[in-house]
Structures are given as C-alpha cells and as structure tokens.
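# Architecture and fold: a report
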Amino acid sequence: MPESRTPVAEAAPETPADAAELRRVAIDLAERAAEHVRARRPEVFGPAGERADGAVRSKAHATDPVTVVDTESEQLIRDLLAEHRPGDPIVGEEGGGSLTGDDAVHWVVDPIDGTVNFLYGIPGYAVSVAALRGGRPVAGAVVDVARAVTYSAGLGLGATSVTADGVVDTLRCSAADEVAMSLVATGFGYGAHRRTRQAALIAEVLPRVRDIRRFGAAALDFCHVAAGRVDAYFEHGLNAWDWGAGALIAAEAGALLTLPPATSTGERGELVVAAAPGIAAELGALLAAVGATDPIPDR
C-alpha cells in the first residue's frame with residue numbers, strides 16, 4: 001500500500017496529557033451533538049417519511065442532501081467548542097473554515113456523516129469530531145447516533161468504543177492475512193462521473209475479495225475497520241471532516257492508512273484506504289493494479 005501522505009502516527013509532538021485532553025473534548029462535543037441529532041430526527045421526519053417544510057436541501061449534486069439538523073448539529077459543536085477552547089479554528093462540512101499546517105489545534109467536524117441514511121431512517125449515521133495539529137489528527141471521536149456507541153482515540157493512547165450502558169472495548173483491527181478472504185467496505189460519490197468510475201473499479205475488485213459492503217458513512221467505515229467488523233475500507237473523494245476522527249481511530253487500532261493531505265478537497269477525488277496490517281500491502285497492490293490509486297475528480 002502506498003505510504004500515507006498524512007501519516008497519523010507522525011503528527012507533531014503531542015504529550016499524552018495533551019492528547020487525552022483533546023480526546024476528552026472531542027468526545028464531549030460529539031456525544032452532545034449526537035444527543036441533539038437523536039432527539040431532533042422524530043421532530044423533523046415523521047413515521048411515514050414526511051418531513052417538515054424546509055428541512056432538506058441539496059448541495060453540489062441533487063442527490064447530496066443537507067438537513068436542518070446537520071446545520072443545527074454543527075452550530076451546537078461550534079458553540080460548545082467556543083466554551084471549551086475559545087479561539088481554536090474550526091472546519092465544518094456545513095459552516096466551512098480552513099486548515100493550515102501550523103501547530104495550532106484545528107477542529108474538523110462532520111455534524112452528521114451519513115446524511116442520506118439519516119434522511120431515510122437507516123441506522124448508520126454519526127457525528128465526527130477531530131482535533132488536528134500540523135494537518136494530522138491527534139484526537140477524535142465518532143458517535144454512532146442510532147446505536148449510541150462512542151468510538152474515540154488519542155495519538156499514542158489507543159482506540160476504544162463505549163456503549164450507552166458503559167461497556168468499554170479496546171479496538172483492534174482484524175487478523176486478516178489474505179485479500180481473497182477479506183470483507184472490504186467502500187463508498188460512492190454523488191456525481192455521475194465519479195460514480196461511473198467507482199462502479200467500474202468495484203467490478204474489478206469484487207471478484208478478488210470475500211465481499212464488498214457499502215454502509216454509507218465514512219466515519220463509521222473507519223470504526224468498523226478499527227473494531228474488526230470489516231478488514232479494510234477504501235473510497236475516493238473524502239474531505240478532512242470525513243476521515244479526521246475515523247482515520248485516527250483506525251490507526252490506533254492497528255490499521256495501516258493511505259490519506260491525502262488534510263487540505264485536499266473531496267472534489268480532487270484522492271484515494272483513502274484503511275486496512276488491517278496483514279492485508280495492507282496486498283490490497284494496495286490490488287488497488288494499484290486496477291487503477292484505483294489514481295484520483296477520481298468529481299466532474
């Protein structure tokens with residue numbers, strides 16, 4: 001597998017105490033936002049699929065929705081972060097912002113990752129919050145909203161999951177050692193150009209793996225790798241808020257990663273990979289052989 005251009009294990013020096021504190025903040029922000037998302041869904045979307053007026057609009061593609069709850073969740077995180085760490089820059093999927101390569105802590109936020117799942121009531125959407133320093137994640141939390149499970153990691157501190165009733169598990173990715181017997185997760189973009197190419201790549205990859213899964217939330221895909229539920233995950237065209245927290249969680253659970261720079265936009269379509277170490281090299285070779293290591297621009 002190609003070496004990550006943003007190796008999470010090579011972030012700027014961070015003391016365990018610093019990483020632990022940033023992790024604590026990330027968990028608090030993500031869990032409180034998840035509570036809001038969980039409470040608001042039945043208020044905005046009725047049991048028969050009806051929705052309140054103005055609750056949903058489209059972004060760059062008609063198939064790519066954003067809901068009023070996305071914007072509420074991000075604003076809540078911004079307000080809470082201003083209390084926890086006033087002055088820290090924030091980059092959010094809905095509210096924007098910019099990342100720099102300096103040593104200041106920047107926060108990247110996906111207020112609802114898996115908005116289409118949220119829209120349809122499919123239990124596979126999450127709140128993702130990560131702290132980056134020097135363009136690399138040093139702490140992060142992903143909350144599976146429907147299941148009320150919090151995944152988190154701090155640089156050098158490992159990765160854990162905590163259920164609503166307090167059961168804590170240390171995360172370790174799978175012991176898979178053969179791509180042909182591996183369960184691989186992926187995702188698809190919203191633009192027809194990218195989807196067409198992604199479909200062609202899946203047709204090449206599918207016969208060479210155990211099976212493919214498409215869950216619909218990148219942050220949770222990384223957490224599934226971390227927990228050993230899938231053996232690897234790859235996708236083109238993610239932004240830093242999509243992978244910031246999940247990538248660190250997967251890395252701290254032992255996964256090997258390929259990431260673009262944090263400043264790279266999803267429109268560029270660069271490849272993201274997280275894989276169990278026993279299959280990382282073989283999967284990387286497979287992706288290269290089918291042409292999946294090339295970027296897939298949005299248009």
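Predicted model, so just to flag it, every value in this text is computed and none were measured. (Residues numbered from 1 in each chain as written. Predicted model: local features only at pLDDT ≥ 70, side-chain atom pairs only at ≥ 80, totals over all residues. Heavy atoms only, no water.)

### Some words on the domain arrangement of the chain
Looking at the chain, the domain boundaries give domain 1 (16-170) and domain 2 (179-290). A C-alpha centroid distance of 20 Å is found between domain 1 and domain 2. Listed by partner, the interface residues are 39 residues for domain 1 and 24 residues for domain 2. Interface area, domain 1 with domain 2, both sides summed: about 2,300 Å², of which 68% is carbon and sulfur. The three residues of domain 1 that bury the most area against domain 2 are D113, P137 and Y151, which together make up 21% of that side's buried surface. Here domain 1 and domain 2 share zero salt bridges between them. Across the domain 1-domain 2 interface, the total number found is eight residue pairs in polar contact (both at pLDDT 80 or more). Mapped by element, the contributors of at least two residues to the side of domain 1 that touches domain 2 are β3 (90-92), β4 (105-113), α3 (115-120), β5 (126-133), β6 (136-144), β7 (149-154) and β8 (158-162). (Domains from an automatic or database assignment. Contact = heavy atoms within 4.5 Å. Buried area = accessible area lost by both parts, 1.4 Å probe. Salt bridge = Lys/Arg side-chain N within 4 Å of Asp/Glu carboxyl O. Polar contact = N/O pair within 3.5 Å; in protein donor to acceptor, adjacent residues only side chain to side chain. Helix = DSSP H or I, 4+ residues; strand = E, 2+ residues; numbered from the N terminus.)

### Side note on the layout of surface pockets
Quantified by volume, the largest pocket comes out at close to 1,000 Å³. Broken down by secondary-structure element, the contributors of at least two residues to the lining of the largest pocket are β4, α3, α4 (192-205), α5 (218-227), β12 (232-236) and α6 (240-252). Here the residues of the lining of the largest pocket are counted per class, giving 15 nonpolar, 17 polar and 13 charged. Two domains each provide a minimum of three residues to the lining of the largest pocket, namely domain 1 (16-170) and domain 2 (179-290). (1 Å grid on protein atoms, 1.4 Å probe; cavity = no way out; pocket = protein on both sides within 12 Å on 5 of 7 lines; lining within 4 Å. Points joined across faces, edges and corners; volume = space filled by probe spheres on them. Nonpolar A, V, L, I, M, F, W, Y, C, P; charged D, E, K, R; others polar.)

### Brief notes about the state of the cysteines
For the structure shown, the criterion picks out zero disulfides. Between C173, a free cysteine, and C223, which holds the nearest cysteine sulfur, the sulfur-to-sulfur gap is 13 Å. Under the relative-accessibility criterion, C173 is labelled buried at 13%. Classification of C223 as buried rests on a relative accessible area of 0%. (Disulfide = S-S within 2.5 Å. Buried < 20%, exposed > 50% of the residue type's maximum accessible area, 1.4 Å probe, protein only.)

### Focus: the packing of α5 against α6
Where α5 meets α6, the axes come as close as 8 Å, and the angle between the chain directions of the two elements is 5°. Accordingly, the angle class assigned to the pair α5 and α6 is roughly parallel. Taking contact as the criterion, the partners of A218, A219, F222, C223 and A226 in α5 are, on α6, D242, W243, G246, A247, I249 and A250. Considering only residue class, the contact of α5 with α6 consists of nine nonpolar, one polar and one charged. (Axes fitted to C-alpha atoms, helices over the stretch in contact; angles between N-to-C directions. Parallel < 35°, antiparallel > 145°, perpendicular 65-115°, else oblique.)

### A short note on the UniProt feature "binding site: Mg(2+) 2" (unreviewed entry) in the chain
The UniProt entry lists E93 under the feature "binding site: Mg(2+) 2" (unreviewed entry), expressed in the numbering used here. With respect to the helices and strands, E93 occurs in the loop between β3 and β4. Apart from residues lying up to four places away in sequence, E93 is in contact with K59, E74, V109, D110, P111, I112 and W241. (UniProt positions renumbered as here; feature names shortened; annotations may be inferred.)

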